[in-house]
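Spelled out from the first residue to the last, the chains are:
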Amino acid sequence: MKSAPEDLGLALVCDARGIIVRLMRDDINLASRVPVGSPLADLVDPAVRSKAALFLNELRLRQAAYDWEITVPCESGLLPLHFAGACVEEGFLVVVARTRQGLTRINDEMMLINNEQANALRAALKDLSLRERQNPTQDLGIYDNLSRVNNELANLQRELAKKNAELEKLNEQKNRFLGMAAHDLRNPLGVIMAYSEFLETEAVEVLSEEQREFVTTIRQTSEFMLRLVNDLLDVSTIDSGQLRLDLQPADLAGLVARNVHLNSTLAAKKEIAIGFEPPASPVLLSFDTGKIEQVLNNLLGNAIKFSHRSTRVTVRLTSADGFATVAIKDQGQGIPEADRPKLFQAFSKVSVRSTGGEQSTGLGLAICRRMIEGHGGRIGVESEVGKGSTFFFTLPLEAGHRDKSSRKK
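Keep in mind it's a predicted model, so treat the numbers as computed, not measured.

Calculation rules
Residues numbered from 1 in each chain as written. Predicted model: local features only at pLDDT ≥ 70, side-chain atom pairs only at ≥ 80, totals over all residues. Heavy atoms only, no water. Helix = DSSP H or I, 4+ residues; strand = E, 2+ residues; numbered from the N terminus. Expected span 1.5 Å × (residues − 1). Buried < 20%, exposed > 50% of the residue type's maximum accessible area, 1.4 Å probe, protein only. Polar contact = N/O pair within 3.5 Å; in protein donor to acceptor, adjacent residues only side chain to side chain. Pairing = 2+ DSSP bridges. Axes fitted to C-alpha atoms, helices over the stretch in contact; angles between N-to-C directions. Contact = heavy atoms within 4.5 Å. pLDDT = per-residue confidence, 0-100. Core = buried A, V, L, I, M, F, W, Y, C linked by side-chain atoms within 4.5 Å. Phe/Tyr/Trp six-rings, centres within 6.5 Å; stacked < 30°, edge-to-face > 60°. Salt bridge = Lys/Arg side-chain N within 4 Å of Asp/Glu carboxyl O.

A. Seen up close, helix α7 (residues 289-305). When the terminal C-alpha atoms of α7 are compared, their 24 Å separation across 17 residues agrees well with the 24 Å that a helix rising 1.5 Å per residue should span. Among the residues making up α7, those that are buried are Lys291, Ile292, Val295, Leu296, Leu299, Leu300, Gly301, Asn302, Ala303, Ile304 and Lys305. Structurally, the start of α7 carries an N-cap: the backbone nitrogen of glycine 290 is 3.1 Å from a side-chain oxygen of aspartate 288.

B. Up close: the sheet that holds strand β5 (residues 91-97). Spatial ordering of the open sheet is given by β2-β1-β5-β4-β3, a layout of 5 strands whose pairing is antiparallel. The open sheet has two free edges, formed respectively by β2 (20-26) and β3 (64-74), since each of these has just one partner strand. Within this sheet the neighbouring strands show an average axis-to-axis angle of 25°, counted without direction. As defined by bridge partners, strand β1 (residues 9-14) adjoins β5 across 6 bridges and the pair is classed as antiparallel. Paired with valine 13 across the two strands is leucine 93, which belongs to β5. Helix α1 (residues 49-62) contacts β1, β3, β4 (77-88) and β5 of the sheet and is inclined by roughly 160° relative to β3.

C. Highlighting unusual backbone geometry. For serine 310, which is not glycine, the phi dihedral falls at a positive 60°. Tracing the backbone shows serine 310 in the loop between α7 and β9 (312-320). For aspartate 321, which is not glycine, the phi torsion reads 55° and is therefore positive. With respect to the secondary-structure elements, aspartate 321 resides in the loop between β9 and β10 (323-329). By relative accessible area, aspartate 321 is classed as exposed at 65%.

D. Geometry of the confidence of the model for the chain. When pLDDT is averaged across the chain, the result is 79; 78% of the residues are at 70 or more. Summarising per-element confidence for the chain, the mean pLDDT is lowest in helix α9 (residues 399-408) (38) and highest in β10 (94). Note that pLDDT drops below 50 for residues 399-409; the model gives that stretch 12 contacts with residues more than four away or on any other chain.

E. Structural context of the nonpolar core. In this structure, Leu252, Ile292, Val315, Val326 and Phe393 are the most contacted members of the largest nonpolar core, which totals 42 residues. At 7 residues, the largest contribution of residues to this core is made by α7. When near neighbours in sequence (up to four residues on either side) are disregarded, valine 315 contacts Val256, Val260, Ile274, Gly275, Phe276, Glu277, Leu300, Val326, Ala327 and Ile328. Among the nonpolar cores identified, the runner-up in size contains 24 residues, and Ile28, Leu40, Trp68 and Leu81 belong to it.

F. Here's a closer look at the packing of aromatic side chains. Taken as a whole, this structure holds 3 aromatic pairs when the rule is applied. Each ring, one from phenylalanine 55 and one from phenylalanine 83, has its centre 5.8 Å from the other, and the planes form 75°; the classification is edge-to-face. Of the two residues, phenylalanine 55 sits in helix α1 while phenylalanine 83 sits in strand β4, which places them 28 residues apart along the sequence. Taking the centre distance of 6.3 Å and the plane angle of 70° together, the rings of phenylalanine 344 and phenylalanine 391 count as edge-to-face. Placement of the pair is phenylalanine 344 in the loop between β10 and α8 (364-374) and phenylalanine 391 in strand β12 (residues 388-396), with a sequence separation of 47 residues. You'll find phenylalanine 344 and phenylalanine 391 in the same group, each marked buried.

G. Focus on the pattern of salt bridges. Scanning the entire structure with this criterion turns up 11 salt bridges. Of the charged contacts, one joins aspartate 15 and arginine 17 as a salt bridge, the two residues approaching to 3.0 Å between their closest N and O atoms. Using a relative accessible area of 15% as the deciding quantity, one classes aspartate 15 as buried. Taking relative accessible area as the criterion, arginine 17 reaches 65% and is therefore assigned exposed. A salt bridge links arginine 219 to glutamate 200, with the shortest nitrogen-to-oxygen separation between them at 2.4 Å. Of this pair, arginine 219 sits in helix α5 (residues 209-239) while glutamate 200 is found in helix α4 (residues 136-202), placing the two residues 19 residues apart along the sequence.

Written out as structure tokens, the structure is:
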């Protein structure tokens, strides 16, 4: 006599870790997917494995679990099956059926065996059977709704995974396009800037005052565009996960001193003095010179850009607790507390404006943060409105120098 669909099921024993140790019954041809030694989680749809883990957790905590509906892949597609289980000497007896009634019928059949597993399952399903007989219509309606919601959730999880894969692919294409566009724009912008600088210095005698203003505007605009293009190129490289650091041993104090000197000319145009307080001895560590120089130029440039005329910018380099810290303190406007969380985010704008009309791409600090974090350091700011700001970043010291610094302390 052919069994009804609800009479078909699977019975197995798994250990406390959820590893199958014995197959007792398989009417629905699932055992081939989960032979002995396989995790029980391999039986279910990958999208709902977390639910299978919760089922096992309930078995561990309560020694029994009643009618968990979990989606299982089969030849015809995804099938919602009903799981029940109980604690036995070997671990946990797990019974799987197509319906709730099937769980009860399989239990009745196994009771004929009259062994430890059957007795344990009988006790585990006793409450389920009583509730089914007392109010079967209401319970079936509830479980039908739960089944529908569970299937919808599984479908949504698969759709979400598909969309995430598509978005990741589109983001990769965006980064590639952005990188190519920025790279192709950089050369012609460099040419425009170079020729405008030549006209400003070499053709000043033959140009009228109005023409000189035009040339200056062309140079300033091309400089800003070139900075923007370079920043976009950095952002596309970082977002695509291709930030590469050429870590070489070097003296950080020497690099800071050189960048302070280079930025002094820019600061002098606003009558701003830059002072560097170097440490007593070289600060040796491994870092990417080009990347850290870019960070220094950005932070020094911002200090000059947002400082009032005839003020001072102070740069300090210290070593403590295994890190070197560079701090750049200005006497500018300060940054409101509400604006500070935006500072290191790409394309963010704050309420503070430059004091000399200088333009900003809104990308510099975000790029600095990624470069410093790539080195294993951190970047931050301390600021007070009306009194100025101190931007700082840290870099991990080399092991040898770190030990040396500790001994000095």
